[in-house]
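# Architecture and fold: a report
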Amino acid sequence: MNLKDKLKDYKLVHWFYNLLHAKQLRHNKQAYEKYNVHKPLFDSISSKDFPDKTSQAWLDVNDSAIVVAQKKQFASFTNEVQEQLLQWSSKGYLHLKNYFTDEQVDEVNLAVDELIHQKHLPVTHDNKVMFGYKHSPAIKNMMQDLGLTQLLSFILDKEVVPFQTLNFIKGSGQRAHSDSIHMTTYPLGYLIAAWVALEDIHADSGPLFYYPGSHKLPYLLNDDFANYSTRFKLGTKHYSDYEDVTEELIEKSGLSYETFLPKKGDIFIWHANLIHGGMPVINPALSRKSMVIHFYAKDVIKYHEITERPSLMEEE
Ligand SMILES: O=C(O)CCC(=O)C(=O)O
C-alpha cells in the first residue's frame with residue numbers, strides 16, 4: 001500500500017479535505033439539526049452516530065400495494081408504471097421500457113466517446129467513466145430528466161437530486177452489494193438509482209444482476225462486517241470483507257437472482273438496499289454500454305459509510 005492510501009485511513013486527513021470543501025457539505029446542515037447530530041459538518045460520520053438502522057422511507061414503512069394509489073400523482077403515470085409501483089415494496093425495482101429515445105441515447109454514447117478520446121477522461125477499472133455529467137451537456141440532460149426525477153421523488157415521497165453518473169463501456173463484473181454501503185443516508189432508504197441501457201444488452205457482456213426482494217434484508221453497515229473505527233482512524237476491514245458478508249446473507253436468505261437484458265433506452269430503477277452487481281463477462285469483445293445515475297433525497301443526511309465521509313454535493 002502506498003503512502004497516499006495509508007493516509008486515507010486517518011480521519012484527520014478527511015477533516016482537512018472536508019474543510020477545504022466546506023460549501024459542498026452545507027446540504028447536510030438542516031438534516032443534522034433535524035436528527036440531532038451534534039457534530040461539525042466536516043467531521044466524520046457513520047451509522048455509529050445514529051440510533052437505528054431501519055429505513056423510514058414511505059414505501060418501506062407502508063406497502064406500496066396499499067398506499068401508492070392513494071396519492072394524486074399516481075394517476076399521472078402510465079398503466080405499466082402504475083402496476084410496477086404497486087409492487088415496489090415487495091420487489092424493490094422497476095423496469096421502464098423504451099424510456100429514452102435512440103437519439104437521446106446516441107448523443108450520450110457520442111459524449112462518452114469524446115470524453116475518453118478527446119478530453120482523456122480516465123476510464124476507471126477499465127470499464128467506466130465517472131462523473132461524465134460534469135463535462136457533457138448530453139449526459140447532464142439525461143441525468144436531470146424531469147419525468148425520471150418526478151417518478152423517483154414519488155417513490156421516496158421526497159424531492160430527489162441526482163449527484164453522480166457512471167458510464168460503463170464494459171460489464172463491471174462487480175460482486176453483489178447494496179449501494180447503501182457506498183452512499184448512505186440517515187434515515188436509511190433515501191438513495192435511489194437508475195440504470196440506463198445505452199445499447200441492447202447481450203447475455204455474454206456481463207449484464208446487471210439483482211435479487212428481487214433483497215431490499216428487505218437488513219442493511220449491512222460497518223459493524224456488520226466488523227469494520228470498527230476509532231475517533232481518529234477508520235476500521236481495518238476491506239471492501240471484499242463486506243462482499244463476503246453480503247454473499248453469506250444472500251445465501252441464507254434463499255433469494256434467487258435475475259439478470260437484466262434490456263433494450264436500448266430502457267431503465268432499471270433500484271431501491272437503496274437492493275442487492276445487485278455485474279455478471280462475469282463471458283465475451284470480452286462485447287461492449288455493455290450503460291449509465292448509472294444515483295440520486296439522494298434532499299432533506300436527509302448523506303454520507304459514505306465505509307469511509308465515514310459526509311458526501312460532497314455540488315451547490316445548486
Ligand atoms: O452495471 C453494473 O454492472 C453494476 C453497477 C453497480 O453495481 C452500481 O452502479 O452500483
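Looking at an unreviewed UniProt entry, one finds the protein chain named Phytanoyl-CoA dioxygenase and attributed to Lacibacter luteus. According to its UniProt record, the protein chain has this under Cofactor (unreviewed entry): "Fe(2+)".

## Concerning helix 11 (residues 239–253)
Between its first and last C-alpha atoms helix 11 spans 21 Å; for 15 residues at 1.5 Å apiece the expected length is 21 Å, and the two agree. Where helix 11 is concerned, the buried positions are Tyr242, Glu243, Thr246, Leu249 and Ile250. Down the axis of helix 11, the sector holding all buried residues measures 120°, keeping them to one side. Those residues of helix 11 that are exposed and aimed more than 90 degrees away from the buried face are Glu251 and Lys252. Once helix 11 ends, the next one or two residues include Gly254, with phi positive near 75°.

## Digging into the sheet that holds strand 11 (residues 301–304)
Pairing within the open sheet is antiparallel, and its three strands lie in the order 4-11-12. Strands at the two margins of the open sheet, each flanked by one partner only, are strand 4 (184–186) and strand 12 (309–310). When strand 11 meets strand 12, the two strands line up antiparallel, connected through two bridges. Of the residues in strand 12, the one forming a bridge with Tyr303 is Pro310.

## Observations concerning the pairing of strand 8 (residues 267–271)
A regular strand carries its side chains on alternate faces of the sheet. Of all five residues making up strand 8, five are buried, and the element is well covered by its neighbours. Of the two faces of strand 8, both are covered, the one formed by Ile267, Ile269 and His271 as well as the one formed by Phe268 and Trp270. Taken together, the five bridges between strand 5 (residues 191–197) and strand 8 define a ladder with antiparallel strand orientation. What sits directly across from Ala193, in strand 8, is Trp270.

## Notes on the side chain of Asp179
Here Asp179 lies in the loop between strand 3 (160–168) and strand 4. Within the buried set, Asp179 has no salt-bridge partner at all; the shortest N-O distance to an opposite charge, 11 Å, is to Lys128. A polar contact of 2.8 Å, which involves the side chain of Asp179, links it to the side chain of Trp270. Setting aside its immediate chain neighbours within four residues, Asp179 contacts Leu191, Ala193, Trp270, Ala272, His276 and His294.

The rules we used
- Residues numbered from 1 in each chain as written.
- Predicted model: local features only at pLDDT ≥ 70, side-chain atom pairs only at ≥ 80, totals over all residues.
- Heavy atoms only, no water.
- UniProt positions renumbered as here; feature names shortened; annotations may be inferred.
- Helix = DSSP H or I, 4+ residues; strand = E, 2+ residues; numbered from the N terminus.
- Expected span 1.5 Å × (residues − 1).
- Buried < 20%, exposed > 50% of the residue type's maximum accessible area, 1.4 Å probe, protein only.
- Arc of directions from axis to C-beta.
- Pairing = 2+ DSSP bridges.
- Lys, Arg positive; Asp, Glu negative; His and termini not counted.
- Salt bridge = Lys/Arg side-chain N within 4 Å of Asp/Glu carboxyl O.
- Polar contact = N/O pair within 3.5 Å; in protein donor to acceptor, adjacent residues only side chain to side chain.
- Contact = heavy atoms within 4.5 Å.

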